[in-house]
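Breakdown of the fold
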Amino acid sequence: MSSVTLPEAAKLSQDELVGGVIENIIEVDQLFTVLPFMLLTGNVFVNEEDTPGDVNTFLGVGDTITAKNPATFTPRGFGMTIISGDAEVNGLFEATRRSGPYSQSAIQLSSKAKHVARIFRYLMIYGDSVEPFQFDGLANLVDPARQLDTAGAEGFDLTLDFLDELGDQIIAKDGKVDYYIMAAITRRTFRRRLRQLGGASIGEVKELPDGTEVPAYNNAGVFRNDYIRTDVVKGMNNNTTSVFAGTFDDGSGKAGLSGLMPLEAEPFEVVELGPAEAKDEDIWRVKWYAGLALFDRGGLAEYQGINASSFSIEPPF
């Protein structure tokens, strides 16, 4: 197994059309620039340690070692789903309605690619493997022991102390936090807290591999995800949200969060199906086999009950 990011996948693709589709996926969300994707065949399984092997402590010279119990594990699997759609382009439109150098088929495929990304962004947060053909998102991958909640019955405004407490829950990769993910309104509150502090922290940013920047906190990128709900009920307050923090897997399959893609195929496939049988239309199909895995439960945490607003984007399907 190996890991790549989507920008790397775009470079490796030998198909210019596939590369263009990947570029449109990346445009939708800066997190895609840094999220590693593990390339694999079949599903991926990890063995989570339930209890460590026991040991004897404070043995004296000549004492008998009685600690013989082995560690116990529970296997946990992660799979992929298909996100796909067809672009059907009328022959007359293709011939007469070009936008500069771009054909109607390219424009339609670009739109399909962006919608594929929106579905992945939603599933990344709220995907539920109990549902047919979905994978678990962060809300279902997070260990309940690492789900924090504001003390107030009605929720509280975001504070930097909350982010510190959330970051302390991360123990994978020696406690290195790689990302915070939050709704747009929550990230605005985060920036307001920095302005109230003053000093150099206001301008702290994380430069991504493509040269763009996102706000940073303690050298971890603060990423926006518009599908994190901001209308969660807490007490009499109907407008609360969550913030997630975690670490990315380092390619070992042991450390943290990673996307999943198949090894033996293009990361994205763009298939020209040809002309429709009964209409003057050409059909193209864009499809992405993708999933999400958390290789260490100590690599993800959630803070619930953060005040927000009633504005939430509906699932894109």
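Residues numbered from 1 in each chain as written. Predicted model: local features only at pLDDT ≥ 70, side-chain atom pairs only at ≥ 80, totals over all residues. Heavy atoms only, no water.

All chains considered together, the criterion is met by 12 aromatic pairs. Geometrically, the ring pair formed by Phe37 and Phe120 is tilted, given 6.0 Å between the ring centres and 40° between the ring planes. One end of the pair, Phe37, is in strand β2 (residues 37-40); the other, Phe120, is in helix α5 (residues 104-126), with 83 residues separating them in the sequence. Neither Phe37 nor Phe120 differs from the other in exposure class; each is buried. (Phe/Tyr/Trp six-rings, centres within 6.5 Å; stacked < 30°, edge-to-face > 60°. Helix = DSSP H or I, 4+ residues; strand = E, 2+ residues; numbered from the N terminus. Buried < 20%, exposed > 50% of the residue type's maximum accessible area, 1.4 Å probe, protein only.)

A few words on the pairing of strand β12 (residues 237-246). Here β12 lies mainly inside the structure; 8 of its 10 residues are buried. Of the pairings in the sheet, the one linking strand β7 (residues 179-182) to β12 comprises 3 bridges and is antiparallel in character. Across the sheet, Tyr179 pairs through a bridge with Gly246, a residue of β12. Relative to β12, strand β11 (residues 232-234) is paired through 2 bridges, and the arrangement is antiparallel. Note on β12: the bridge partner recorded for Val232 is Thr240. The hairpin formed by β11 and β12 contains 2 residues between the paired strands, and Gly235 there has a positive phi angle of roughly 65°. As defined by bridge partners, β12 adjoins strand β16 (residues 300-307) across 6 bridges and the pair is classed as antiparallel. Counterpart to Gly246 in the pairing with β16 is Leu300. (Pairing = 2+ DSSP bridges.)

Secondary-structure assignment places Pro215 in strand β9 (residues 213-217). Take Pro215: its relative accessible area is 10%, and that puts it in the buried class. For the pair Pro215 and Phe190, spaced 25 residues apart in the sequence, the C-alpha separation amounts to 9.4 Å. Apart from the residues lying within four places of it in its own chain, the contact partners of Pro215 are Arg187, Phe190, Arg191, Glu204, Val205, Lys206, Ala220, Gly221 and Val222. (Contact = heavy atoms within 4.5 Å.)

Further remarks concern the side chain of Asn225. One can find Asn225 in the loop between β10 (220-224) and β11. Overall, Asn225 belongs to the buried group, its relative accessible area being 1%. Leaving out residues up to four positions away in the same chain, Asn225 has contacts with Asp29, Arg121, Ile125, Ile181, Met182 and Ala183.

This part takes up the nonpolar core. Ranked by size, the top nonpolar core spans 44 residues in total, and within it Phe120, Leu138, Ile181, Leu257, Trp288, Leu292 and Leu300 carry the most contacts. When residues in this core are grouped by element, the largest group, 8 residues, is from α5. Sequence-distant contacts of Ile181, that is, excluding residues within four places in its chain, are made with Leu31, Met124, Ile125, Leu138, Phe223, Asn225, Ile228, Ser242, Val243 and Phe244. If you look at the next biggest cluster of nonpolar residues, it comprises 20 residues, including Met182, Phe190, Val243 and Ala301. (Core = buried A, V, L, I, M, F, W, Y, C linked by side-chain atoms within 4.5 Å.)

A grouping of Arg188, Arg191, Arg192 and Arg195 is seen on the molecular surface, where their side chains present a positively charged patch. Summarising the element assignment, Arg191 is placed in helix α8 (residues 184-197). (Patch = residues over 30% accessible without salt bridge, like charges linked within 9 Å, V, L, I, M, F, W, Y side chains within 5 Å. Areas by Shrake-Rupley, 256 points an atom, 1.4 Å probe, with all protein chains shown as cover. Salt bridge = Lys/Arg side-chain N within 4 Å of Asp/Glu carboxyl O. Lys, Arg positive; Asp, Glu negative; His and termini not counted. Charge placed at Lys NZ, Arg CZ, Asp CG, Glu CD.)

Working definition: two side chains of opposite charge can pair if their charged atoms are close together. Overall, the coordinates contain 5 salt bridges when judged by the stated rule. Ionic pairing is found between Lys176 and Asp178, a salt bridge with its closest N-O pair at 2.3 Å. Judged by its relative accessible area of 43%, Lys176 falls in the partly exposed class. The closest approach of N and O atoms between Asp231 and Arg229, which form a salt bridge, is 2.7 Å. We classify Asp231 as partly exposed; its relative accessible area is 26%.

Here we take up the confidence of the model for the chain. The predicted model of the chain has a mean per-residue pLDDT of 79, with 76% of residues at 70 or higher. Across the chain, element-level confidence peaks in β7 with a mean pLDDT of 96 and bottoms out in helix α4 (residues 91-96) with 50. (pLDDT = per-residue confidence, 0-100.)

To continue, consider helix α7 (residues 160-168). Of the residues making up α7, those classed as buried are Leu160, Phe162, Leu163, Leu166 and Gly167. In an axial view of α7, the angular spread of the buried residues amounts to 155°, which keeps them on one side of the axis. Facing away from the buried side of α7 by over 90 degrees, the exposed positions are Asp161 and Asp168. Check the buried side of α7 and you find it contacts β6 (147-149), β7, α8, β9, β12 and β16. (Arc of directions from axis to C-beta.)

So, on to α8. Between the first and last C-alpha of α8 there are 20 Å, a value that for 14 residues agrees with the 20 Å anticipated at 1.5 Å per step. All of the buried residues along α8 are Ala184, Thr186, Arg187, Thr189, Phe190, Arg193 and Leu194. Looking at the buried positions of α8, the neighbouring elements they touch are α7, β7, β9, β10, β12 and β16. (Expected span 1.5 Å × (residues − 1).)

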